[in-house]
Amino acid sequence: MQKKSLETLKLAANCLLKSEERSAIRTALEEIHTIFTAITGVRGDRLEAHHNRETFLAGGVAISPHLAARCLFDPLRTVRFLRGINEAISELFRRFPGERIHIVYAGCGPYGTLVMPLLPLFESDQVRLTLIDIHQESLDGVQRIVNALDLGNYIDRFVLADAAVYRHPPSKRLHMVVCEAMEAGLAREPQLAIMRNMLPQIEEEGLFIPERVVVDACLSDSLVEDIGLLMHRDAYGYPAGQDHASIAERRPLERIMTLDAGAQDLLEGHHGFEPISLTKLELPHVDEPLDQFLLQTTVDIYGQHGFGPYDCELSFPLRLHGLDTVPHGVQVRFEYVFDRKPGLRYEMING
């Protein structure tokens, strides 16, 4: 049974890395889910009221283990992260020849979705993995997967901790951190707080995945860009808006924030969880039909892999209704605020 499940996992992982067929990708995701849910008892294909329970941390909201498992079925998110991480590991082999690549997966959930399917594709002396989560149920789940599939030789540690304050042992070289703890607009979840904590702990030539998250402000037409409608998904789980996104005309305004290794304004000089001042912009004069103010999120995972408008939930636009009818010439200042539900906040400073 163990051997059969491991072989099925390897075949499914290879499909996700190589196939462009939506039906094949959906089948591979379902096969992975069947293996993981049978081992963990956590189902990602069901959503019940108690699954929405959240854990509030200083740096952001940690979603429940069941919601974390559910993310497996966001196909473009899973596929592109797996492809980007797979390429990033290969690049780290080149940068650190002869070394065993140590990966920290922060916020791994009960499935370890973005790394566990890749492990059987490598030899255990090539990579080792530290798995971190704030929920014991998640760590129990992913540890059951490791034990059931005999992947223990790949694992360094299971750590029950808040990754926004976790300190990696200095004696263990850290080559890569994988963390997808975010929503569109870097709202609610602790991606920024975790990156701020973990990035300085990575080796100089190491990688944080995703490499870059950008939030831009723009104006758009609410009749063409019906966000609620375009968030719907097709039979294979792909967002309905993916093929529509190129049709919508948007007027760029300002870049609100860039979160990457060079973002000193976000990652350095801040202590604790005080607000971080960002940019300010002046609302321009526009004619109809550009009647809605959007925050557009772009995610660069690694290499050519990432997300544009409507590719997945991470890149669905956020509409700031309070700025839709503000007259031109008014200046708006943005900051990033840490609280029970962190994210971008704005205030009008004239007009």
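Residues numbered from 1 in each chain as written. Predicted model: local features only at pLDDT ≥ 70, side-chain atom pairs only at ≥ 80, totals over all residues. Heavy atoms only, no water.

1. Concerning the overall build of the protein
The condition is simple: The way it works is that DSSP assigns letters per residue, a run of H or I at least four long becomes a helix, a run of E at least two long becomes a strand, and they are numbered from the N terminus. Atoms considered for the radius of gyration are the C-alpha atoms alone. The globule rule reads 2.2 Å times the number of residues to the power 0.38. In this scheme, a residue with accessible area under 20% of its type's maximum is buried, one over 50% is exposed, and one in between is partly exposed, where area comes from a 1.4 Å probe on protein chains only.
A tally of helices and strands in the protein yields eight helices and 15 strands. Scaling as 2.2 N^0.38, a compact globule of 351 residues should have a C-alpha radius of gyration of about 20 Å, and the protein matches this with 21 Å. Along the first, second and third principal axes, the C-alpha set of the protein runs to 65 × 45 × 40 Å. Counting over 351 residues, the protein shows a buried share of 54%.

2. A word on the environment of Ala68
Test applied: Residues count as neighbours in contact if any of their non-hydrogen atoms are within 4.5 Å of one another.
Among the structural elements, Ala68 can be located in helix 3 (residues 65-70). Separated by 40 residues in the primary sequence, Ala68 and Cys108 have C-alpha atoms spaced 8.2 Å apart. Contact partners of Ala68, with chain neighbours within four places excluded, come to Ile63, Gly109 and Pro110.

3. Side note on the nonpolar core
Which entries qualify depends on this criterion: We call a set of buried residues a nonpolar core when its members are Ala, Val, Leu, Ile, Met, Phe, Trp, Tyr or Cys and they connect through side-chain atoms within 4.5 Å of each other.
Core analysis: the largest hydrophobic core is formed by 103 residues, its most contacted members being Ile209 and Phe293. A total of eight residues in this core trace back to one element, the largest contributor, which is helix 4 (residues 75-95). Excluding its chain neighbours within four sequence positions, the residues that come into contact with Ile209 are Phe81, Ile85, Ala88, Met176, Val177, Val178, Cys179, Ile301 and Tyr302. Core analysis: the second largest hydrophobic core is formed by six residues, Cys218, Ile227, Leu230 and Leu294 among them.

4. Considering the pattern of salt bridges
The cut-off we apply is this: Definition used for salt bridges: Asp or Glu carboxyl oxygen within 4 Å of a side-chain nitrogen of Lys or Arg.
Counted by the stated rule, this structure contains 22 salt bridges. For the salt bridge of Glu99 with Arg173, the shortest nitrogen-to-oxygen distance reads 2.9 Å. Remark: Arg173 occurs in the loop between strand 5 (155-160) and strand 6 (176-179) and Glu99 occurs in the loop between helix 4 and strand 3 (101-106); sequence separation between them is 74 residues. Residue class for Glu99 comes out partly exposed when judged on its relative accessible area of 28%.

5. Here we look at the sheet that holds strand 5
Whenever strands of a sheet pair, they do so through backbone hydrogen bonds, lying parallel or antiparallel. Note the threshold: Here the rule is simple: two strands pair whenever DSSP picks up at least two bridges between them. Axes here mean lines fitted to C-alpha atoms, for a helix over just the part in contact, with angles spanning 0 to 180 degrees between N-to-C directions.
Pairing in this open sheet of five strands is parallel, and the strands run 5-4-3-6-7 from one edge to the other. Sheet topology places strand 5 and strand 7 (207-209) at the edges, where each strand pairs with a single neighbour. Averaged over neighbouring strand pairs, the angle between their axes works out to 15° when direction is ignored. By the bridge criterion, six bridges tie strand 3 to strand 4 (residues 127-133) in an arrangement that is parallel. Paired with His102 across the bridge in strand 4 is Arg128. In this fold helix 4 packs onto strand 3, strand 4, strand 6 and strand 7, with an angle of close to 175° to the strand it touches most, strand 7. The strands touched by helix 5 (residues 136-148) within the sheet are strand 4 and strand 5, with strand 5 carrying the most contacts at an inclination of about 160°.

6. What to know about the packing of helix 1 (residues 2-18) against helix 4
Condition: Roughly parallel covers angles under 35 degrees, roughly antiparallel covers those over 145, roughly perpendicular covers 65 to 115, and oblique covers all other angles.
Two numbers describe how helix 1 lies on helix 4: the axes approach to 8 Å, and their chain directions differ by 90°. Here helix 1 is positioned roughly perpendicular relative to helix 4, judged by the angle of their axes. Taken together, the residues of helix 4 that come into contact with helix 1 (itself represented by Cys15, Leu16, Leu17 and Lys18) are Val79, Leu82, Arg83 and Asn86.

7. With respect to the pairing of strand 15 (residues 343-348)
Bridge analysis of strand 14 (residues 331-337) against strand 15 gives six bridges, and the strand direction is antiparallel. In the strand pairing of strand 15, Arg333 is matched with Glu347. Remark: five residues form the turn of the hairpin made by strand 14 and strand 15, two consecutive strands paired antiparallel.

8. Overview of the packing of aromatic side chains
Threshold: When two rings of Phe, Tyr or Trp (its six-membered ring) have centres within 6.5 Å they constitute a pair, described as stacked for plane angles under 30 degrees, edge-to-face for angles over 60, and tilted for the intermediate range.
All chains considered together, the criterion is met by eight aromatic pairs. Taking the centre distance of 5.3 Å and the plane angle of 70° together, the rings of Phe273 and Phe338 count as edge-to-face. Here the residue Phe273 occupies a position in the loop between helix 8 (264-267) and strand 10 (276-282), and Phe338 occupies one in the loop between strand 14 and strand 15, the gap between them amounting to 65 residues. A relative accessible area of 8% places Phe338 in the buried class. Arranged with centres 6.0 Å apart and planes meeting at 55°, the rings of Tyr310 and Phe316 form a pair that is tilted. Tyr310 gets classed as buried once you look at its relative accessible area, which sits at 0%.

9. Quick look at the environment of His321
By the element assignment, His321 lies in the loop between strand 13 (318-319) and strand 14. Here His321 falls in the exposed class, since its relative accessible area comes to 55%. When the C-alpha positions of His321 and Gln292 are compared, they lie 7.2 Å apart, and in sequence the two are 29 residues distant.

10. Things to note about the sheet that holds strand 14
Reading across from one edge, 10-14-15 is the order of the three strands in this open sheet, with antiparallel pairing throughout. The strands lining the two open edges of the sheet, one partner per strand, are strand 10 and strand 15. The sheet shows a mean angle of 25° between the axes of neighbouring strands, direction not considered.

11. Some details on the side chain of His175
How we decide: Pairing of N or O atoms within 3.5 Å defines a polar contact, subject to two protein rules: one partner must be a possible hydrogen donor and the other a possible acceptor, and residues neighboring in sequence count only if both atoms are side-chain atoms.
For His175, the location among the structural elements is in the loop between strand 5 and strand 6. Owing to a relative accessible area of 1%, His175 belongs among the buried residues under this scheme. At 2.9 Å, the side chain of His175 forms a polar contact with the backbone nitrogen of His102. For His175, the contacting residues outside a window of four places in its chain are Leu92, Phe96, Glu99, Arg100, Ile101, His102, Ile202, Glu203, Gly206 and Leu207.

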